Amino acid sequence: MPAGVPATMRWRVVDIVVASVLAVAIGIVFWAWSNSWETISAPFQALYPPTKGLLTGVWVLGGVLGGLIIRKPGAALYVEVLAAIVSAVPGNYFGLMVIVSGLIQGFGAEIIFASLRYRRYTFIATLLAGLGAGLSLAIGENILYNAAWTFEHKALYTVFAGISGMVLAGLVSWFALKAIARTGALGAFASGRSAREV
């Protein structure tokens, strides 16, 4: 990064390593979720297709948790995209389009952390990052996969995806951070030190 960037915003080797390990772990979750998608989403599809949005928060977990743990510019995007790539390598239900989705979803979380100037990582900020990622996911999927749906279906899908992002990515990331911090694995990170205080 440029010399004028504060040291707290610069990526260290440990940031890259931990972000990459996190992305691989989440990529495996993405891969399993993707290959189970048809079965998991079938009841929601049968009930009312937009309700599938309630399941989508899993897809944005990487961006929210990555940003919350690493706390550096680009972390949410990096973890989400790398996790998407990892899920694509062995093959999955959605193919290589998951990488495009990863970019869109990672951007949704990244923009929230950026709007807070990478300084606020509170419970509310984490929920907002999940919401932002969920809304980005919905916009992307309404273009890529749901183009034939009515406006009402797309709007409701967006609402459900936003809620899912807050719960399955935001809330889960908040408690995952606290659990990981208790192991001592995040001692080199501000997130690990602050997790014991919140």
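What you see is a predicted model; the values in this text were computed from it and never measured.

Participant: What exactly am I supposed to notice about the UniProt feature "transmembrane region" (unreviewed entry) in the protein here?
Facilitator: Taken from the UniProt record, the annotation "transmembrane region" (unreviewed entry) applies to residues 12–33, 53–70, 75–91, 97–116, 123–144 and 156–177. Within the segment residues 12–33, helix and strand shares are 95% and 0% respectively, and the terminal C-alpha atoms sit 31 Å apart. Across residues 75–91, helical content stands at 82% and strand content at 0%; the span's end C-alpha atoms are separated by 25 Å.

Participant: Sorry if this is basic, but what is going on with helix 1 (residues 13–47) here?
Facilitator: Since the α-helix turns once every 3.6 residues, residues separated by three or four places project in the same direction. In this model helix 1 runs 48 Å from its N-terminal to its C-terminal C-alpha over 35 residues, within 8% of the 51 Å that 1.5 Å per residue would give. Remark: the principal bend of helix 1, roughly 60°, maps to S36. Listing the buried residues of helix 1 in full gives D15, A19, S20, L22, A23, I26, G27, F30, S34, W37 and S41. As for helix 1, its buried residues are in contact with helix 2 (61–70) and helix 3 (75–88).

Participant: Would you mind going over unusual backbone geometry with me for this structure?
Facilitator: Most peptide bonds take the trans form, and the phi angle of most residues other than glycine is negative. Although it is not a glycine, R71 adopts a positive phi angle of roughly 60°. Among the secondary structure elements, R71 is positioned in the loop between helix 2 and helix 3. Even without being glycine, Y118 reaches a positive phi, approximately 55°. With respect to the helices and strands, the residue Y118 is situated in the loop between helix 4 (97–115) and helix 5 (123–144). Taking relative accessible area as the criterion, Y118 reaches 17% and is therefore assigned buried.

Participant: Looking at this structure, I do not really get the side chain of K52. What am I missing?
Facilitator: Along the polypeptide, K52 turns up in the loop between helix 1 and helix 2. Despite its burial, K52 pairs with no opposite charge, the nearest such side chain being E141 at 7.5 Å. A distance of 2.9 Å separates polar atoms of two side chains, one belonging to K52 and the other to Q45. If sequence neighbours within four positions are ignored, K52 has contacts with W37, S41, F44, Q45 and Y157.

Participant: Quick question: what am I supposed to make of a nonpolar patch on the surface here?
Facilitator: Where nonpolar side chains cluster on the molecular surface, the patch consists of M97, V100, I139, I143, L144 and Y145 and spans about 520 Å² of accessible area. Mapped onto the nonpolar patch, the elements with two or more residues apiece are helix 4 and helix 5. If one sorts the elements of the nonpolar patch by residue count, helix 5 sits on top with three residues. Note that I143 resides in helix 5. On the accessibility criterion, I143 (60% relative accessible area) is exposed.

Participant: Looking at this model, I keep getting lost on helix 3. Mind explaining?
Facilitator: Taking 1.5 Å of rise per residue, 14 residues should cover 20 Å, and helix 3 covers 20 Å from first to last C-alpha, within 8% of that figure. Among the residues making up helix 3, those that are buried are A75, A76, V79, E80, V81, A83, A84, S87 and A88. Residues of helix 3 that are buried in the fold lie against helix 1, helix 2 and helix 4.

Participant: What's the story with the pattern of salt bridges in this structure? I'm lost.
Facilitator: Opposite charge on two side chains lets them pair, provided their charged atoms get close. One pass over the structure, following the stated rule, counts two salt bridges. Note that R12 and D15 form a salt bridge whose closest N and O atoms lie 2.9 Å from each other. Residues K72 and D15 are paired through a salt bridge, measuring 2.7 Å at the closest nitrogen-oxygen approach. Of this pair, K72 sits in the loop between helix 2 and helix 3 while D15 sits in helix 1, placing them 57 residues apart in sequence. Its relative accessible area of 0% is what places D15 among the buried residues.

Definitions and limits used
- Residues numbered from 1 in each chain as written.
- Predicted model: local features only at pLDDT ≥ 70, side-chain atom pairs only at ≥ 80, totals over all residues.
- Heavy atoms only, no water.
- UniProt positions renumbered as here; feature names shortened; annotations may be inferred.
- Helix = DSSP H or I, 4+ residues; strand = E, 2+ residues; numbered from the N terminus.
- Expected span 1.5 Å × (residues − 1).
- Bend = angle between axes of the 7 residues up to and from the residue.
- Buried < 20%, exposed > 50% of the residue type's maximum accessible area, 1.4 Å probe, protein only.
- Contact = heavy atoms within 4.5 Å.
- Lys, Arg positive; Asp, Glu negative; His and termini not counted.
- Salt bridge = Lys/Arg side-chain N within 4 Å of Asp/Glu carboxyl O.
- Polar contact = N/O pair within 3.5 Å; in protein donor to acceptor, adjacent residues only side chain to side chain.
- Patch = residues over 30% accessible without salt bridge, like charges linked within 9 Å, V, L, I, M, F, W, Y side chains within 5 Å.
- Areas by Shrake-Rupley, 256 points an atom, 1.4 Å probe, with all protein chains shown as cover.

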